[in-house]
Amino acid sequence: MILELDCGNSFIKWRVIHAADATIVGGGIVDSDQALLAAVAALPSLRLKGCRIVSVRSEEETDALRAVLYTGFAIQAQVALPVREMAGVRNGYEDFERLGMDRWLAALGAFHLAKGACLVIDLGTAAKADFVAADGEHLGGYICPGMPLMRSQLRTHTRRIRYDDASAERAVSTLAPGRSTVEAVERGCVLMLQGFARTQIEQARALWGDAFTVFLTGGDAPLVREAAPQARIVPDLVFVGLAMACPLD
Ligand SMILES: Nc1ncnc2c1ncn2[C@@H]1O[C@H](COP(=O)(O)OP(=O)(O)OP(=O)(O)O)[C@@H](O)[C@H]1O
Ligand SMILES: CC(C)(CO)[C@@H](O)C(=O)NCCC(=O)O
Ligand SMILES: [K+]
């Protein structure tokens, strides 16, 4: 079994797969190294032989996580590192090491699945878009605040925007103009995300006509589904790229 980790800025997404056929044994989302250890250890008949990690955290935090995994499971975790080119995709950054590894791996995974031009829209703590042309050239992308950041900026910098998480979730059952603070903020932020997605798709269309695939991933992907009806929702797109970057056999 192989442990796969996607360490974002707010959460760690994890899953355990069988090494032989990549079938999924278990998985989840946690908010700390200790919670990860507990969740993975709770899997019945766990037999880890390796681990691969993609992280957008600091090197120190990623090393600390590797140490925790070594102590807990006696495995040497392999961390995906930046490269200029892989699997037919060329990193489009002037300084290739600066491109977030989650973005790079999602782009690798998307190009592999699409076998042609593709647009990746990843909606997490940050909202990201990346463009890969049919010849594998990564053209670059965009980074904006995602839903959690937009929401928390409004809460932090205003005195009268206050509401709880449960009412936030209820508020987005429709996107009609809000008649309460929670509805106005939550629906407004969802419309911002949808506008982001629509603009990226327009841009892809200007570049490539109809000859491209849109991938939607990240925890808040479901919120923009209706704005991107043609998109393939692939929640584990980063893991697809991670397996390509860190083959363990
Ligand atoms: N089970 C869940 N636990 C936590 N967040 C969830 C869950 N399901 C959906 N979400 C949503 O996903 C968002 C976080 O997305 P994601 O996990 O992709 O972020 P991240 O990887 O930490 O961020 P980034 O990729 O920008 O570094 C939150 O806004 C949250 O509302
Ligand atoms: C943009 C985030 C924070 C999204 O997780 C991550 O991809 C990152 O830290 N990137 C480095 C900056 C960049 O991609 O230009
Ligand atoms: K992420």
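What counts and what doesn't
Residues numbered from 1 in each chain as written. Chains lettered and ligands numbered in written order. Predicted model: local features only at pLDDT ≥ 70, side-chain atom pairs only at ≥ 80, totals over all residues. Heavy atoms only, no water. Helix = DSSP H or I, 4+ residues; strand = E, 2+ residues; numbered from the N terminus. Rg over C-alpha atoms; globule rule 2.2 N^0.38 Å. Buried < 20%, exposed > 50% of the residue type's maximum accessible area, 1.4 Å probe, protein only. Contact = heavy atoms within 4.5 Å. Areas by Shrake-Rupley, 256 points an atom, 1.4 Å probe, with all protein chains shown as cover. Lys, Arg positive; Asp, Glu negative; His and termini not counted. Charge placed at Lys NZ, Arg CZ, Asp CG, Glu CD. Domains from an automatic or database assignment. Pairing = 2+ DSSP bridges. UniProt positions renumbered as here; feature names shortened; annotations may be inferred.

Colleague: Describe the overall build of the chain, and please don't skip the residues or the numbers.
Modeller: Looking only at helices and strands, the chain has 7 helices and 12 strands in total. In terms of overall dimensions, the chain is globule-like: its C-alpha atoms have a radius of gyration of 19 Å, near the 18 Å expected for 249 residues. Its C-alpha atoms give the chain principal-axis dimensions of roughly 55 × 45 × 30 Å. For the chain, the residues scored as buried account for 45% of the 249 residues in total. A separation threshold of at least 6 residues defines the contact pool for the chain, and within that pool the share at least 24 residues apart is 57%. Put simply, the chain shows about 12700 Å² of open surface, and 53% of that area lies on carbon and sulfur atoms. Looking at charge distribution, the chain has the averaged site of its 25 positive side-chain charges lying 5 Å from that of its 29 negative ones.

Colleague: Got a sec to walk through the domain arrangement of the chain? Specific residues and values, please.
Modeller: Split into domains, the chain comes out as domain 1 (2-79) and domain 2 (116-237). Taking only C-alpha atoms into account, the centre of domain 1 sits 27 Å from that of domain 2.

Colleague: Account for the pairing of strand E8 (residues 118-123), with residues named and values stated.
Modeller: Burial within E8 is extensive, with 6 of its 6 residues counted as buried. Neither face of E8 is open: one carries Cys118, Val120 and Asp122, the other Leu119, Ile121 and Leu123, and all of them are buried. Bridge count between E8 and strand E9 (residues 126-132): 6 bridges; the pairing is antiparallel. Note on E9: the bridge partner recorded for Leu123 is Ala127.

Colleague: Which residues make up the UniProt feature "binding site: K(+)" (unreviewed entry) in the chain, and what values do they have?
Modeller: Mapped onto this structure's residue numbering, the UniProt feature "binding site: K(+)" (unreviewed entry) falls at Asp122. If you trace the backbone, Asp122 turns up in strand E8. Apart from residues lying up to four places away in sequence, Asp122 is in contact with Ala127, Lys128, Thr217, Gly218 and Val238.

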